[in-house]
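# Residue-level structural notes
For reference, the chains in residue letters:
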Amino acid sequence: MPLSIISRFAIRFCGLLFLFVVGYMPVVAQPNTGRISGKIRTQDNTSVEFCIVSLKNTKYNALADEGGNFTLNVPAGKYSLIVNRVGFKPLNLEVVVTDGASTELIDLIMLPGNELNEVVIREKTDVRKINEQGFAVNAIDLKTKYNLNWDLNQVLNTTTGVRIREEGGLGSNFNFSLNGFSGNQIKFFLDGIPMDNFGSSLTLNNFPANMAERIEVYKGVLPVSLGTDALGGAVNIITRNNPNYLDASYSIGSFNTHRLAVNGAYTNAKTGFTVRANSFYNYSDNNYKVLVPIKNLETSSFGPEQWVPRFHDGYQSETLQLEAGITNKPFADKLLVGIIASGNDKDVQTGVVMERVFGAITSNTRTLIPTLKYKKTDLFARGLDLNLYAAYNMTRFTLIDTTAREYNWLGQYKANPASGSSNVGGERSRTRNQNKDREGLVTANLTYKLNELQTLALNYVGTNFHRSSYDPENPDAIGNKFPSDLAKNVLGLAWNLAMQNKFTTSIFAKYFAMKAVGYQQVDAFTERERYEATTFNYANPGYGLATAYFIRPTLQVKGSYEHAYRMPDGSEIFGDGVFVVYSVGLKPEKSDNINLGARYATPSEKDHRITAETGLIYRMTTNFIRLDQSVSGAQRQNQNKGKVRTTGVEAELGYYFRKLFFASVNGTYQQIIDKQEFEQSGGFTGGATKNITYNFRLPNLPFLFGNANVGVNLPTQSNRAMSLTYNLSYVQKYYLVYAELGESAFNQQYIIPTQFSHNLSASYSLGGGKYNFALECRNFTDNLLYDSYRLQKPGRSLSVKFRYFISK
């Protein structure tokens, strides 16, 4: 059966399943359930965060959020509710829950002090629970970042194994690398939902840190619940789940940079009606200075280097995510209908290298995504849970190059002759190319609890991607005449075993299938040379396991393995219409991934706490897809690189004294080696030839990098807090080309030097966190920093952030 038919059938099946569930659940769902909610505070009306709320002699418990809010969904009945928090006396009260009703507790006041005979229940946070899985994963708590002027890229760039290389300032293209894998080999999720083809305005460097609760970074091996064909890992952004809150922030900084974010939620405890919104706006001129040689436009020769401002690098983006629906009903824990609307406008300053300067090329993206979310625990049977998500992504990307000029870094220009296939010409080739992308997405996750220790999980993800392109400046372009379609299906099944605080394991199998329709050139260099539509199909099975064991309550060892496949994405096959050209016939990547690690953490109630974690990585990848640079420096193309081996080690050490002081340091070392010994020759002779880069380290990839962080929280008056934070980022020198070819072959333009970036931030909070003010200085030593292809990053920058937060 053709894959497109399978994909359409799967999407229709999931849609019918959803309609059946919604229509049938009111009949079959157990009606004898209710809800307990409340807010915990002190006598002076200050919220008490992270209290443990439990019902005596039951399995039901909850962790109050930073606003002191909690919610419990329980069967109807009479309960003894207990609230515990270190530093406070325990609170006990009787609660009656009635059928289909909500019990709201509004006067939960805790008194300070500890009783000698007090038994304190200490619940592990979500972050710690995730870090203790058998998978190699780093969970990052973002609550400590809310007052900082950081986006999610800046947060992730401080964790082990991650290196994010940006091509410039705010809104610039970036390459996300995780343990040697990068680009589309790493998948991104928003609350477990794949973000493939969400558009360039919905990327990590656009998301402010205070819109999310935490970030989960999975390395190499993925749980089945994140159903996708990631090869090297995944990043899952978990948005905030406060039932009622408002978080608004505004920052202004160097290079005329402005960032605005407003996030909030409203939930009616009685009716379950919920509205949630996340919105943000970003703007920057990005006119920071760069040190570059100046091209003489008359002679085409380059003069000495000068400090000059970037003059055509403005960026603006805006996003609104809005959801509304019902929660905590007998037929649905969550039923939300939403819309994501986003867009950006971007000037293009450079090509792949700094020497290629543009002064008039612009691009813009517009995205509209209607969404549907459904979640139900105990579906038809106790222990059977369903998560269902559907979306239809409509994205339009436009590139405009209609100015027939050649620029240098002084903003000077001369007239450009006709270029490319156009009659008038542009800076590259005259174009107003527009890509219209349409993608349907369905993801369903079904779990069944066999008993208190074991669960089964079934996951399906289906996508259908279609691109249509048209360039009014070049209506006869090949890309206008052929369809670009890509269908993917991923099915996963897992058995999970969890013995609390002792042993966890997950054994899983996955099935990957893909069908792509595009075009290719046939009978090249003959009289019959032409382009024809082409179709290629791939289907591969994958499998793996992840396990973890506590040797002692404070010491855990873990290991994971996966035989993984990743199908090429639409952006890799079809290009982007700007600097990435069409790559027909890309093959799926295959990799055997192994992770070994150990984690040590002293109990959280100790005044002095130490955490230590280390990991070993091994990857053997075939058909490695890599974005190579063209000779012209203007365009790139994705290519399969025969075989690549990645080995490495990473480690992190942290020290914490109460909530007053913390210090941490982490580092990553990785060797990414070309292991393709022979290459197939082209031309008339055929055969195999020795690969001259066999056993060479792949170029333009950092191999040694790390971070250090130090912070203090200064005690001030009641309901006030001040914090100071220092961050150091380090990257060892690496090369744009193969280093093994010899130092004599290098000059400065092929070396990215060792780099240190120093960052300082200070924040001050009033009103128990209601009013917040932060000052930040990034790269305060004004070091010259580089990234991909030696593209220069901003120098010293200052920013001020104002934030207002209320939670009810």
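Let me begin by describing the structure that accompanies this report. (Residues numbered from 1 in each chain as written. Predicted model: local features only at pLDDT ≥ 70, side-chain atom pairs only at ≥ 80, totals over all residues. Heavy atoms only, no water.)

## Some thoughts on the sheet that holds strand β2 (residues 52-55)
This is how the line gets drawn: Pairing between two strands requires that DSSP report at least two bridges joining them. Numbering of helices and strands starts at the N terminus; helices are DSSP runs of H or I of at least 4 residues and strands are runs of E of at least 2. Angular values range over 0 to 180 degrees, each being the angle between N-to-C directions of two axes fitted as lines to C-alpha atoms, with helices fitted over their stretch in contact.
One open sheet accounts for four strands, arranged β3-β2-β5-β6; its pairing is antiparallel. Bordering the open sheet on either side are β3 (61-63) and β6 (91-97), each of which pairs with just one other strand. Between one strand and the next, the sheet's axes are offset by a mean angle of 20°, whatever the strand orientation.

## Quick look at the nonpolar core
Threshold: In this text, buried Ala, Val, Leu, Ile, Met, Phe, Trp, Tyr and Cys residues form a nonpolar core when linked through side-chain atoms within 4.5 Å. Residue exposure (1.4 Å probe, protein chains only): buried if accessible area is under 20% of the type maximum, exposed if over 50%, otherwise partly exposed. Any two residues whose heavy atoms approach within 4.5 Å at even a single point are treated as in contact.
If you look at the biggest cluster of nonpolar residues, it comprises 46 residues, and the most contacted ones within it are L142, L152, L156, F176 and I215. Elements with a contribution of two residues or more to this core: α3 (152-156), β9 (162-166), β10 (174-178), β12 (186-190), β14 (212-219), β15 (233-239) and β24 (384-400). With residues up to four places along the chain from it excluded, the contact list for L142 reads L152, V155, A209, A212, E213, R214 and I215. Membership of the second largest hydrophobic core comes to 21 residues, among which are I36, F70, V83 and F88.

## Quick look at the pairing of strand β19 (residues 289-295)
Bridge analysis of β19 against strand β20 (residues 302-309) gives six bridges, and the strand direction is antiparallel. Considered in β20, the bridge of K289 is made with P309. What sits between β19 and β20 in their antiparallel hairpin is a turn of six residues, with S300 showing a positive phi close to 65°.

## As for empty space enclosed by the protein
Convention followed: Lining residues are those with an atom within 4 Å of a point, where the points come from a 1 Å grid over the protein atoms alone and group into cavities, where a 1.4 Å probe fits but cannot get out, or pockets, open sets with protein on both sides within 12 Å along at least five of seven lines. Grid points are joined across faces, edges and corners, and a volume is the space filled by probe spheres set on the points.
Inspection of the entire model under this criterion finds 10 cavities of 30 Å³ or more. Forming the walls of the second largest cavity are 47 residues, and the residues nearest its centre are Q154, E166, R778, K793 and P794. Breaking the lining of the second largest cavity down by element, the ones donating at least two residues are α3, β9, β17 (257-267), β41 (721-731), β44 (755-766), β45 (771-778) and β46 (797-807).

## Side note on the packing of aromatic side chains
So the rule is basically this: Only Phe, Tyr and Trp rings take part, Trp by its six-membered ring, and two of them pair if their centres are within 6.5 Å. Stacked means planes under 30 degrees apart, edge-to-face means over 60, and tilted covers everything else.
Under the counting rule described, the total for this entry stands at 18 aromatic pairs. With centroids separated by 5.4 Å and ring planes inclined at 50°, the aromatic side chains of Y407 and Y413 adopt a geometry described as tilted. Residue Y407 is classed as buried on the basis of its relative accessible area of 9%. Considering the side-chain rings of F512 and Y565, the 6.4 Å spacing of their centres and the 50° angle between planes classify their relative orientation as tilted.

## As for the environment of N57
Position of N57 relative to the elements: it lies in the loop between β2 and β3. N57 sits in the exposed class, given a relative accessible area of 77%.

## Structural notes on the environment of P603
In this fold, P603 is placed in the loop between β34 (589-601) and β35 (608-629). By relative accessible area, P603 is classed as partly exposed at 28%. Along the primary structure P603 and P553 are separated by 50 residues, whereas in three dimensions their C-alpha atoms are 8.6 Å apart. Sequence-distant contacts of P603, defined by excluding residues within four places in its chain, comprise T554 and R609.

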